[in-house]
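Reading the structure
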Amino acid sequence: MAGARFLLQRSTHGLLLLSSRPVPAFSSPFLSRAHRLSPGDDEMYQRTSVSIMQKELDGGVMIHSYSSRGFNIDGNKVFGPCAVLPPAILQWNVGSHKDITEESVSLFHMLEPRIEILVLGTGARLERINPSVLALLKKKGIAVEVQDTPNACATFNFLTSERRVAAAGLIPPPVSTALDVTQE
């Protein structure tokens, strides 16, 4: 009987009988729902471990405000036109929407990781961009959204909050006189 396993079974008359049928290993009276597995119980037992490869970035760069002089981007005051890239904020050497050329947007298609969408803010009004510039960016696989600067700032913030890989080229809107009160 050495090494043999026996199973206690109840007969139809309520008596306990010893059976010599082979007993599966998991029917042991010592293994129950309350029994915790240890490395000795199961050769497949392994502790779960997690390795953090890279910390997840927070919401990314956000544009908090704009004026005729420039932008407040995450507490950084940027004067004049700027390029907002995933890792940096740079001065952008354009004076108006007419200065947005294939050369001035080359910065955006040379980035790694490649940006998905470029938001261009053209000032106080939506202005047309040279079609060759848009064709170049499309050829490079970058979607372009051209808007007036206030809407471009909001669009960029939304895309960034959605964790999209976005960049912005922004021209500050000129001083608005719409709310000025004149005295006669």
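Right, let's walk through the structure included here. If you're wondering where the values come from, they're calculated on a predicted model, not measured in any experiment.

This part is about the nonpolar core. Formed by 18 residues in total, the largest nonpolar core has its most connected members in W92, I100, V105, F108, I115 and L118. When contributions to this core are tallied by element, the ones reaching two or more residues are β8 (117–121) and α2 (131–139). Counting residues per element, this core draws most heavily on α2, at three residues. With near-sequence residues (within four places) excluded, F108 lies in contact with A83, L85, W92, I115, L118, I142, A167, A168 and G169. Grouped together as the second largest cluster of nonpolar side chains are 16 residues, V78, I117, V119 and A166 included.

An order of β3-β4-β5 is seen for the three strands of this open sheet, with the pairing classed as antiparallel. Each having just a single partner strand, β3 (63–66) and β5 (76–79) make up the two edges of the open sheet. Adjacent strand axes in the sheet meet at a mean angle of 20 degrees when their direction is disregarded. Sheet analysis places β3 next to strand β4 (residues 70–73), joined by three bridges and oriented antiparallel. Bridge assignment links I63 to a residue of β4, and that residue is I73. The strands that helix α3 (residues 149–161) touches are β3 and β4; relative to β3, the one it contacts most, it runs at about 175 degrees.

So, on to α2. An α-helical turn contains 3.6 residues, so a residue and the one three or four places further along point in the same direction. The complete set of buried residues in α2 reads V133, L136 and L137. Looking straight down α2, one finds that the buried residues subtend no more than 95 degrees of arc, so they occupy a single side. In α2, those exposed residues whose orientation departs by more than 90 degrees from the buried face are P131, K138 and K139. Here the buried face of α2 lies against α1 (106–109), β8 and β9 (143–147). With a side-chain oxygen lying 3.0 Å from the backbone nitrogen of S132, the N-terminal cap of α2 falls on N130.

About the criteria used
Residues numbered from 1 in each chain as written. Predicted model: local features only at pLDDT ≥ 70, side-chain atom pairs only at ≥ 80, totals over all residues. Heavy atoms only, no water. Core = buried A, V, L, I, M, F, W, Y, C linked by side-chain atoms within 4.5 Å. Buried < 20%, exposed > 50% of the residue type's maximum accessible area, 1.4 Å probe, protein only. Helix = DSSP H or I, 4+ residues; strand = E, 2+ residues; numbered from the N terminus. Contact = heavy atoms within 4.5 Å. Pairing = 2+ DSSP bridges. Axes fitted to C-alpha atoms, helices over the stretch in contact; angles between N-to-C directions. Arc of directions from axis to C-beta. Polar contact = N/O pair within 3.5 Å; in protein donor to acceptor, adjacent residues only side chain to side chain.

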